[in-house]
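Observations on the three-dimensional arrangement
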Amino acid sequence: MLFSNKKKALIVIILLVLTNSICAQKNFFLDNEIKQNFSSYFGLPRESVYLHLNKSDYVVGENIWFKGYIYNRQKRKPFLLTSNIHVGIYDSKGILKEKKLFLAKNGQTQGMIELDSTYSAGEYYIKAGTNWMRNFKEDDSFVQMISVLDNTHKLVRPKKLWDYDIQFLPEGGHLVAGIRNVLGVKVLNGMGMGVEGVTAIIRNKNGDSITKIETKRFGHAKVELTPELGNEYYAEIVSGDKIKREFLLPIANGRGINITISHIKKERLLIVLGANESFKREYSNKLFHLYIHRDGLLKKLEVTFPANKNYTSILLDKHELTDGVNILTLLDENGRPMLERMLFNMNGLNKDRIRLFKLSSDKDSIAFVLKSMSKNTDNNFSVSVLPKNTKSYNHEDNILSAFLLKPYLKGHIENPSYYFRDFSKKKENELDLLLLTQGWSKYEWQDMMKNPPKKKFAFERGISAVGTVNSKLRKKSKLIYFQDELNNSPFVVDLPDNKQNFNLQSYFVEKGTKLSFSLFDGFGELSRPQINLVVKDGNFVDSIDTEIRQKIHKLPKTYENFIVKDLLVPDNTIKLDEVVVTESYKRREFSSKTIFDNKLKKVTKATTKMYPNFVDIVRSRGFKVIVYPTSPPPQVSISTKIPLSFDNKFPPPVLYVDDVQQPDFDILNDIGTANIESYYIDRSGNGGAGAGGGVIRIYTKARYNDLGGQELDFSNKKFYEYIFKKGFEPYKEFYSPTYLTTQNSSFRDYGVIHWESNLSTHTSSEVIFKIPKTGLSEATFFVEGMGLDGRLFSAIRTINLD
């Protein structure tokens, strides 16, 4: 008998070991499968776009000025590979009106869209994105509502709407009978906006009062409830029109599990999972998996319920979470999602503060200093300067909410930028309440497990052109072309085996650019070809559907019966048909080469061998040279290594190429030392006015040397000319509209003082810019920015101008 009992005990032990082994093996395969699915779903790089618009309300005749920031949410860094940004304007029904292509470099773009006479007063949408984004179910494009006004358009304050809607959203997704539940509450008016200060009484089906709630900002609140199985609960509210309304709460599940999350300390988080008795009977001794994830980043916690308890808790250090949004999904032993909750972790978030102050003033302008409070100096900012009490800046988003919050939430978020201004413990609680009322995230678990994105649209870099030479080709013919007749060397297109088709891939060309084509045969002769060129800029016709438009709002207006009049000088000019100017354009020469002939350094074969790239020569002469190779095309930064004594600045030198001053140093990417005849470098700055950081002068070899010594005459009949009607929008400097006066109410409400789209701090933590004097005593500065390390900036400052 004793032997029999021992034998039975051994069998039980063996069964337990086998069961545990099988469960462990099952858990291993499940975890491995989930990791592989996440890797597959987020394997393709994703980009998000935010446009900082200089205003939200425009008058016909003004321009929409914008700065675009492109962000890699997985790496929390600028998306440096992106080059093609498509920006469209859509009418109030979401129908495309026009779309333009803008060039992005180093995760940034900038541009302007003119609001001409084809725009009538009304609401429009501006949308920015890439073709690559179309590969994903989740739409990461930027969409913002804007208004176009004229002198007959009345802006009326919305009436108070008492048609309330109240929503109850159980934390985790389900109301569970028999255990403690937390429900998020949203009270919305007829416009879908949250209503603060609404009182509601929760009653059971017998009318007994259970608890009372009052909504806070944006109509949010939360309530604790332990519902009984079979009982019904409803909320009773009395709205501003004194009418009593009743709203049913969700029916409690007889078998279920829920979650509650509390930020108990600055660094700690308490997660409590509750299960009622029916659930525990079915899932006793079962192992659950709590996955904490975002953008493919994944962490797993194992959860079990003690046999004699309804709750189990997990204490987490916030440093164990990813910064920003974290999505918590609880799975059963078979990998089925049971509940979900989102939370926001501010710890480790790569955001920063700025200082903005007046530096000096002269007759026509005022200088300001914009300073980053971080030690990192490689930041870029955009600044919109408007009258102090402007009514024309009603954006709900800033760069922080656009990149860190909105990509993960399904529904509309009222004024999301609010949560990221002057962040505090109160804001953290309000943000957690927002996430509690948002339900499940935008990323659906079944899609992440079974439907990875398919690469249907290529990642664009530049535009493409497919060409055909419709001329008879001579032996060993090559197709050459010059861009705008300004390059020092021709581009050569090989035509192997005299094939007549050719491709221009990843071509960065602006609208209006002229290409001059010629055939160069084996005998050194040029001849005019017949060319057919089909250009593809990637622009596509799309629309903004109703669901997306319903989520897009502006901040509510606070004015009524205001007509925009006497703002702009009337445009009485006559619009002419488009005229293509074919006369050659000659750049203004700044100085004569002969002045520096006795100081020029000749380039020899030895020079070319030692310094194949001209930037190496510049670096050897004591300048700091940085080449950013990931931007299209690469960007070159040159500055002094020694600061100016009076302001601790590291200024750049002035660059001349063939006596033409260059706006930047990017042209040096295209000029090898072998293409240079001579050069002059002076670090003292004596080489020209405004050259405190020094001067660099380059004189290139004549382009005809590349074609066997032929002197090229672009006016002759040996060249076929093609002018691009598609391509990137040309860069335009900001110019202010012509206002009738800056002293009336129209200007104070809707006028523009200034716009800066590209304030960089490559060599210092601060940058200086100027705004024109308008006679106003105060102005509001709206600042957005991003650092090369992914640091995000957003600030609103009102400054005295006197």
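Reference entry: report on the structure contained in this document.

Examining the overall build of the protein
For the protein, the count of helices and strands is nine helices and 48 strands. Once local pairs closer than 6 in sequence are excluded, the contacts in the protein between residues at least 24 apart make up 71%.

Focus: the nonpolar core
One finds L51, I64, V87, I126, F344 and L405 to be the most contacted residues of the largest nonpolar core, which totals 61 residues. When sequence neighbours within four positions are dropped, the list of residues in contact with I64 reads L53, N54, Y58, I89, G111, M112, I113, L115, I126 and I146. With 37 residues, the next largest nonpolar core counts Y393, F734, F747 and I771 among its residues.

A look at the side chain of S441
Mapping S441 onto the fold places it in the loop between helix 4 (425-436) and helix 5 (445-450). Polar side-chain contacts of S441 include one of 3.2 Å to the backbone oxygen of Y443. Sequence-distant contacts of S441, defined by excluding residues within four places in its chain, comprise I327, E340, M342, Y408 and K410.

Structural notes on the sheet that holds strand 18 (residues 257-262)
In a beta sheet, neighbouring strands pair by backbone hydrogen bonds and run either parallel or antiparallel. Pairing is antiparallel across the open sheet formed by three strands, whose spatial order is 18-19-22. Both outer strands of the open sheet, strand 18 and strand 22 (311-317), are each paired with one neighbouring strand and no more. Averaged over all pairs of adjacent strands, the angle between their axes in this sheet comes to 20 degrees, without regard to strand direction. In this sheet, strand 22 lies alongside strand 19 (residues 268-275) in antiparallel orientation, the contact comprising seven bridges. Its bridge partner lying in strand 22, L273 is registered against T312.

Regarding the environment of P643
Considering the arrangement of structural elements, one finds P643 in the loop between strand 39 (635-640) and strand 40 (654-657). Accessibility expressed as a relative area gives 31% for P643, which makes it partly exposed.

Considering the pairing of strand 44 (residues 720-723)
Successive residues of a regular strand alternate their side chains across the two faces of the sheet. Here strand 44 shows one buried face, formed by Y720 and Y722, and one open face, formed by E721 and I723. Where strand 33 (residues 514-520) meets strand 44, four bridges bridge the pair, whose relative direction is antiparallel. Looking at strand 44, one finds that F517 is bridged to Y720.

Side note on the packing of aromatic side chains
Here the structure, examined in full by the defined rule, presents 39 aromatic pairs. On the basis of an interplanar angle of 90 degrees and a centroid distance of 5.6 Å, the ring pair of W65 and Y735 is categorised as edge-to-face. With W65 in strand 3 (residues 63-72) and Y735 in the loop between strand 44 and helix 9 (745-750), the pair connects residues that are 670 residues apart, well separated along the chain. Using a relative accessible area of 4% as the deciding quantity, one classes W65 as buried. Under the relative-accessibility criterion, Y735 is labelled partly exposed at 46%. Ring centres of Y507 and F724 lie 6.1 Å apart, and the angle between their planes is 50 degrees; on these two criteria the pair is classed as tilted. You can see Y507 sitting in strand 32 (residues 501-507) and its partner F724 sitting in the loop between strand 44 and helix 9, a full 217 residues away along the chain. On the basis of relative accessible area, F724 is assigned to the buried category, the value being 2%.

A word on the pattern of salt bridges
A complete count under the given rule lists 35 salt bridges for this structure. Salt-bridge contacts for E171 lead to R341; the nearest nitrogen and oxygen are separated by 2.7 Å. You can see E171 sitting in the loop between strand 11 (165-170) and strand 12 (181-188) and its partner R341 sitting in strand 24 (residues 337-345), a full 170 residues away along the chain. Between K426 and E430 there is a salt bridge whose closest N-O contact spans 2.9 Å. Residue K426 and its partner E430 are both found in helix 4; the two are separated by four residues, about one turn of the helix. Each of D31, K35, K300 and E302 takes part in one network of salt bridges that share partners.

Description of the sheet that holds strand 27 (residues 365-372)
The strand order across the open sheet formed by three strands is 26-27-46, and the pairing between neighbours is antiparallel. Across the chains shown, the open sheet's two edge strands, defined by having one partner strand only, are strand 26 (354-361) and strand 46 (766-772). Recorded for the sheet is a direction-independent mean angle of 25 degrees between the axes of neighbouring strands. Summarising the sheet, strand 27 and strand 46 pair through seven bridges and their orientation is antiparallel. From the neighbouring strand, K371 faces strand 46, where its bridge partner is E766.

Here's the deal with helix 4
With twelve residues, helix 4 ought to run about 16 Å at 1.5 Å a step, and its terminal C-alpha atoms sit 16 Å apart, in line with that. Among the twelve residues in helix 4, nine count as buried, and that is most of the element. Within helix 4, burial applies to K427, E428, E430, L431, D432, L433, L434, L435 and L436. Looking at the buried positions of helix 4, the neighbouring elements they touch are strand 11, strand 12, strand 15 (220-225), strand 18 and strand 24.

Here we look at the environment of D497
The topology assignment puts D497 in the loop between strand 31 (491-494) and strand 32. Sequence separation between D497 and L473 is 24 residues; the distance between their C-alpha atoms is 10.0 Å.

Some thoughts on the pairing of strand 20 (residues 288-294)
The buried count for strand 20 comes to seven of seven residues, which makes it a mostly enclosed element. Judged by which residues are buried, strand 20 turns out to be covered on both faces: F288, L290, I292 and R294 on one side and H289, Y291 and H293 on the other are all buried. Here seven bridges tie strand 20 to strand 21 (residues 297-303), and the two strands are oriented antiparallel to one another. Residue L290 lies in a different strand from strand 21, and its bridge partner there is L301. Hairpin connection, strand 20 to strand 21: the antiparallel pair is bridged by two residues, and D295 has positive phi, about 55 degrees.

Some points on the side chain of S794
With respect to the helices and strands, the residue S794 is situated in strand 48 (residues 792-800). Residue classification places S794 among the buried residues on the basis of a relative accessible area of 17%. A polar contact of 3.2 Å, which involves the side chain of S794, links it to the side chain of N398. A distance of 3.0 Å separates the side chain of S794 from the side chain of E784, its partner in a polar contact. In contact with S794, not counting residues within four places along its chain, are N398, I399, L400, R421, V783 and E784.

Some details on unusual backbone geometry
Even without glycine at this site, F218 takes up a positive phi of about 65 degrees. One non-glycine residue, S506, adopts positive backbone phi at about 50 degrees. Assignment of secondary structure puts S506 in strand 32.

So, the environment of L80
You can see L80 is positioned in the loop between strand 4 (77-78) and strand 5 (84-90). The exposure class of L80 is partly exposed, given its relative accessible area of 23%. In sequence terms L80 and A104 are 24 residues apart; their C-alpha atoms lie 8.5 Å from each other.

Reading the values: the criteria
- Residues numbered from 1 in each chain as written.
- Predicted model: local features only at pLDDT ≥ 70, side-chain atom pairs only at ≥ 80, totals over all residues.
- Heavy atoms only, no water.
- Helix = DSSP H or I, 4+ residues; strand = E, 2+ residues; numbered from the N terminus.
- Contact = heavy atoms within 4.5 Å.
- Core = buried A, V, L, I, M, F, W, Y, C linked by side-chain atoms within 4.5 Å.
- Buried < 20%, exposed > 50% of the residue type's maximum accessible area, 1.4 Å probe, protein only.
- Polar contact = N/O pair within 3.5 Å; in protein donor to acceptor, adjacent residues only side chain to side chain.
- Pairing = 2+ DSSP bridges.
- Axes fitted to C-alpha atoms, helices over the stretch in contact; angles between N-to-C directions.
- Phe/Tyr/Trp six-rings, centres within 6.5 Å; stacked < 30°, edge-to-face > 60°.
- Salt bridge = Lys/Arg side-chain N within 4 Å of Asp/Glu carboxyl O.
- Expected span 1.5 Å × (residues − 1).

Just geometry here; none of it tells us what the structure is for.
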